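Chains, contacts and geometry: an overview
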Amino acid sequence: MEHFGILLIAALVVGASKGGLATAGTLAVPFLSIWIDPLVAAGLLLPIFIVSDVFGIWLYRHEYSRKNVILLSITGLAGVGLATLLVPYISVPLAQLATGAIGLFYCVQAVRKRVTKRLEPVPFDARHGAFWGVVTGITSFISHTGAPPFQAFVLPQRLPALAFAGTNVIVFAIINFSKLPAYVSVGLMADLEWKVFLLMAAVAAGGAVLGRCLVQVLPEEAYRIVIEVLLFALSLHLIVTASMHLV
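What comes next is a walk through the structure. The model shown is predicted, which means the values in this text are computed figures rather than measured ones. (Residues numbered from 1 in each chain as written. Predicted model: local features only at pLDDT ≥ 70, side-chain atom pairs only at ≥ 80, totals over all residues. Heavy atoms only, no water.)

1. A word on the overall build of the protein chain
The criterion, for reference: Counting from the N terminus, the helices are DSSP H or I runs at least four residues long and the strands are E runs at least two residues long. Computation of the radius of gyration draws on C-alpha atoms, with the globule rule given as 2.2 Å multiplied by the number of residues to the power 0.38. Only protein chains enter the accessibility calculation, which uses a 1.4 Å probe. A residue is then buried if its area is under 20% of the maximum for its type, exposed if over 50%, and partly exposed in between. Two residues qualify as a contact provided that any one of their heavy atoms is within 4.5 Å of a heavy atom in the partner residue. The Shrake-Rupley method, run with a 1.4 Å probe, gives the accessible areas here. Residue values count only the displayed protein chains as cover. His is not counted here, nor are the chain ends, while Lys and Arg score as positive and Asp and Glu score as negative. By convention, the point assigned to a charge is CZ for Arg, NZ for Lys, CD for Glu and CG for Asp.
Along the protein chain, the regular secondary structure elements total 10 helices and 0 strands. Going from the N terminus to the C terminus, the protein chain shows its helices and strands as α-α-α-α-α-α-α-α-α-α. The C-alpha radius of gyration computed for the protein chain amounts to 17 Å, which stays within 12% of the reference 18 Å derived for 247 residues, consistent with globular compactness. Oriented by its inertia axes, the alpha-carbon framework of the protein chain measures out at about 50 × 40 × 30 Å. Counting all 247 residues of the protein chain, 52% fall into the buried class. The contacts in the protein chain between residues at least 6 apart in sequence include a share of 87% that link residues at least 24 apart. Entry remark: accessible area of the protein chain is about 11100 Å², with carbon and sulfur atoms responsible for 74%. Distance between charge centres in the protein chain, computed from 15 positive and 11 negative side chains, equals 11 Å.

Spelled out as structure tokens, the structure:
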């Protein structure tokens, strides 16, 4: 398979995201899209996301926010169902543009709160969570870029680092499993070679352990800043890439 080394790098990034570096995984499809059609890239990576999800769930089986997992999983599945119906009418650049805008909006809000010293946690709000959960499901289905809307709702709650990482892993594991039948039915996984998949899966498993170690070592505030910086970079990349295709 062409771009073998690039695929292994993407698998390592996906694995690290399931180990706790949540935003990193959403960089994988945009990264591969430099060389591969975005939808093909999404199809190639979905099995790696799912394998990594298994390791991630095991690593964080005791550390997550129950109410966030329940709400965002249910509404995320609703978003996947809606995306399945709407995807023939929604272009990937348009979805990337919206996703990037959401991420930038959160980053601006985070900076504003730091400047004004308003760092108190935002209470859990089921109504807001339902909206962001649906958006997470839609954007995750189209291009595996569900992290910005997920974080727009969960990060302001200022959960402990491990609880945030575990919530992220479990919610996206449920969403990713629900995408598998649709991806197979439209042929997005037709180019997958099993030998390449097995090697990518092994690399992703190592990435999950690496991500977990980094989350445990980083101070909690530093962890939040790293996530926000990665989110800003990803969101800006999505907006620039989408704008180039929409012009």
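2. Here's the deal with the packing of helix H6 (residues 126-143) against helix H7 (residues 147-154)
What describes two packed helices is the angle between their axes and the distance between those same axes. What counts here: Geometry is summarised by axes, namely lines fitted to C-alpha atoms with helices restricted to the contacting stretch, and by angles between N-to-C directions that run from 0 to 180 degrees. In this scheme, roughly parallel covers angles under 35 degrees and roughly antiparallel covers those over 145, while 65 to 115 is roughly perpendicular and the rest are oblique. Should the near helix be turned anticlockwise from the far one by less than a right angle, the crossing is termed left-handed; should it be turned clockwise, right-handed. Under the scheme applied here, ten amino acids are nonpolar (Ala, Val, Leu, Ile, Met, Phe, Trp, Tyr, Cys and Pro), four are charged (Asp, Glu, Lys and Arg), and all others, including Gly, are polar.
Interhelical geometry of H6 versus H7 gives an angle of 165° and a closest axis separation of 8 Å. Put simply, H6 runs roughly antiparallel to H7. Relative to H7, the crossing made by H6 is left-handed. Every residue of H7 that contacts H6 at His128, Gly129, Trp132, Val135, Thr136 and Thr139 is listed here: Pro149, Phe150, Ala152 and Phe153. Tallied by class, residues from the contact of H6 with H7 come to 6 nonpolar, 4 polar and no charged.

3. Concerning helix H1 (residues 4-18)
What counts, and what does not: The span you would expect from a helix comes to 1.5 Å times its residue count less one.
Here H1 contains 15 residues, and its C-alpha end-to-end distance of 21 Å stays within 8% of the 21 Å for a straight helix at 1.5 Å per residue. For H1, the set of buried residues is Ile6, Leu7, Leu8, Ala10, Ala11, Val14, Gly15, Ala16, Ser17 and Lys18. Of the residues one or two after H1, Gly20 is the one with positive phi, at around 140°.

4. Observations regarding a nonpolar patch on the surface
How we decide: Surface patches are drawn from residues lacking salt bridges whose relative accessible area is over 30%; two like charges belong together within 9 Å, two nonpolar side chains (Val, Leu, Ile, Met, Phe, Trp, Tyr) within 5 Å. For salt bridges, the criterion is a side-chain nitrogen of Lys or Arg within 4 Å of an Asp or Glu carboxyl oxygen.
Together, Leu82, Leu85, Leu86 and Tyr89 line one region of the surface with nonpolar side chains, adding up to about 450 Å² of accessible area. Considering the arrangement of structural elements, one finds Leu85 in helix H4 (residues 66-86).

5. Considering the layout of surface pockets
Convention followed: Think of a 1 Å grid over the protein atoms and nothing else: a 1.4 Å probe that fits but is trapped marks a cavity, an open set flanked by protein within 12 Å on at least five of seven lines marks a pocket, and residues with an atom within 4 Å of a point count as lining. Grid points are joined across faces, edges and corners, and a volume is the space filled by probe spheres set on the points.
The space that makes up the largest pocket amounts to roughly 490 Å³. Sorting the residues of the lining of the largest pocket by element identifies helix H5 (92-115), H6, H7 and helix H10 (220-246) as the ones contributing at least two each. A per-element tally of the lining of the largest pocket places H5 first, with 6 residues. Residues belonging to the lining of the largest pocket are distributed by class as follows: 11 nonpolar, 2 polar and 8 charged.

6. As for the nonpolar core
One recurring pattern in soluble globular proteins is that nonpolar side chains are buried together. For clarity, the threshold we go by: In this description, a nonpolar core means a group of buried Ala, Val, Leu, Ile, Met, Phe, Trp, Tyr and Cys residues linked to one another through side-chain atoms lying within 4.5 Å.
Residues Phe141, Phe150, Val154, Phe164 and Tyr223 are the most contacted members of the largest nonpolar core, which totals 47 residues. Elements with a contribution of two residues or more to this core: helix H3 (38-59), H4, H5, H6, H7, helix H8 (161-185), helix H9 (194-217) and H10. Setting aside anything within four residues of it in sequence, one finds Tyr223 in contact with Gly20, Leu21, Ala161, Phe164, Ala165, Val215 and Leu218. In terms of nonpolar packing, the next biggest core, distinct from the first, is built from 20 residues, Leu8, Leu32, Leu44 and Leu192 among them.

7. Structural notes on the environment of Leu59
Topologically, Leu59 is positioned in helix H3. Residue Leu59 is classed as buried on the basis of its relative accessible area of 17%. Spatially, the C-alpha atoms of Leu59 and Gly166 are 8.1 Å apart, while their sequence positions differ by 107 residues. Filtering out sequence-adjacent residues up to four positions away, Leu59 remains in contact with Gly19, Ala208 and Arg212.

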